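What follows is the residue order along each chain.
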Amino acid sequence: LILHAAFGQTEKYFTRNASITFTSEAPMEKIVSYNKSSNCILSTQTNDIAFKVVIKSFEFEKQAMQDHFNNDYLQSDKFPNATFDGKINTVLDYKKNGKYDVVVDGKLTIHGVSNPVKQSGTIEISNGKIIVKSKFSIKLSDYGIKVPNDYLKKISNSVAIDINAVLAPY
């Protein structure tokens, strides 16, 4: 009961350990990269949600892939972060444990290019924590990321993004 009373009064939930995975499936190669140190903050009062992802925190199976990702494609020295600022458009009862299908509208910025996005996902409220999950795809070309023609068989223009964040009271 004490947990639920405190849970109802908290307005912001946060993590520094959101997990973001991206997968590129091209004819000759499947590339999977993990980032387990992304920030996410959610206001239960306004339904605003934001992510900040440090590009250099993505880890690859091969060091060469990581080097190409940071230097050639994402230019992480020039564009060190990817961000998402959005609003959950679904009415939620943050005081009640449960799993909700949600739609989020917002702005995704990668490689210095911002695009409006509308994505679905789930929010699970479980014993004082909020679990945010979403799976969607983006096109690298929509964010000014160019894949040289001779690499198109190894790197897909369309990449899958998988987000999993467990938020605790801030």
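Residues numbered from 1 in each chain as written. Predicted model: local features only at pLDDT ≥ 70, side-chain atom pairs only at ≥ 80, totals over all residues. Heavy atoms only, no water.

A. Seen up close, the nonpolar core. Among the nonpolar cores identified, the biggest contains 44 residues, and I49, F51, I88 and I130 are the most heavily contacted of them. With near-sequence residues (within four places) excluded, F51 lies in contact with A18, N39, C40, A82, T83, F84, V132, I163 and A165. (Core = buried A, V, L, I, M, F, W, Y, C linked by side-chain atoms within 4.5 Å. Buried < 20%, exposed > 50% of the residue type's maximum accessible area, 1.4 Å probe, protein only. Contact = heavy atoms within 4.5 Å.)

B. Spotlight on the packing of aromatic side chains. Evaluated as defined, the whole model comprises six aromatic pairs. Plain terms: the ring middles of F22 and F58 are 5.6 Å apart, the flat faces sit at 70 degrees to each other, and that makes the pair edge-to-face. One end of the pair, F22, is in strand β1 (residues 12–25); the other, F58, is in the loop between β3 (48–54) and α2 (63–73), and 36 residues separate them in sequence. Accessibility expressed as a relative area gives 10% for F22, which makes it buried. The interplanar angle of 70 degrees and the centroid separation of 5.6 Å between the aromatic rings of F58 and F69 together place this pair among those described as edge-to-face. Here F58 is found in the loop between β3 and α2, whereas its partner F69 is found in helix α2, with 11 residues between them in sequence. Judged by its relative accessible area of 10%, F69 is buried. In this structure an aromatic cluster arises from ring pairing among F22, F58, F60 and F69. (Phe/Tyr/Trp six-rings, centres within 6.5 Å; stacked < 30°, edge-to-face > 60°. Helix = DSSP H or I, 4+ residues; strand = E, 2+ residues; numbered from the N terminus.)

C. Layout of the environment of Q75. Checked against the element boundaries, Q75 lands in the loop between α2 and β4 (81–88). When near neighbours in sequence (up to four residues on either side) are disregarded, Q75 contacts F69, N70 and H111.

D. Looking closely at the pairing of strand β6 (residues 113–126). Sheet topology note: the strand β5 (residues 98–110)/β6 ladder contains 13 bridges and is antiparallel. From the neighbouring strand, D105 faces β6, where its bridge partner is K118. The hairpin formed by β5 and β6 contains two residues between the paired strands, and H111 there has a positive phi angle of roughly 60 degrees. In this sheet, strand β7 (residues 129–139) lies alongside β6 in antiparallel orientation, the contact comprising five bridges. If you follow E124 over to β7, its bridge partner there is I131. Where β6 folds back on β7, the antiparallel hairpin that results is connected by two residues, among which N127 adopts a positive phi of roughly 50 degrees. (Pairing = 2+ DSSP bridges.)

E. Highlighting the sheet that holds β1. Spatial strand order, β1-β2-β3-β4-β5-β6-β7-β8: eight strands in a closed barrel with antiparallel pairing. Shown here is a sheet whose adjacent strand axes are inclined to one another by a mean of 25 degrees, direction ignored. The pairing of β4 with β5 spans six bridges and is classified as antiparallel. From the neighbouring strand, G86 faces β5, where its bridge partner is G106. (Axes fitted to C-alpha atoms, helices over the stretch in contact; angles between N-to-C directions.)

F. Structural detail: the layout of surface pockets. Approximately 840 Å³ is the volume attributed to the largest pocket. Lining the largest pocket are 45 residues, and of these F22, F58, I138, V159 and I161 lie nearest its centre. Breaking the lining of the largest pocket down by element, the ones donating at least two residues are β1, β3, α2, β4, β5, β6, β7 and β8 (158–169). No other element matches β6, which puts six residues into the lining of the largest pocket. Residues belonging to the lining of the largest pocket are distributed by class as follows: 33 nonpolar, eight polar and four charged. (1 Å grid on protein atoms, 1.4 Å probe; cavity = no way out; pocket = protein on both sides within 12 Å on 5 of 7 lines; lining within 4 Å. Points joined across faces, edges and corners; volume = space filled by probe spheres on them. Nonpolar A, V, L, I, M, F, W, Y, C, P; charged D, E, K, R; others polar.)

G. Expanded view of the side chain of S24. Secondary-structure assignment places S24 in strand β1. Looking at S24, the relative accessible area reads 2%, which means it is buried. Among the polar contacts listed, one links the side chain of S24 to the backbone nitrogen of S156, at a separation of 2.9 Å. For S24, the residues in contact, after removing those within four places along its chain, are E29, K30, I31, K154, I155, S156 and V159. (Polar contact = N/O pair within 3.5 Å; in protein donor to acceptor, adjacent residues only side chain to side chain.)

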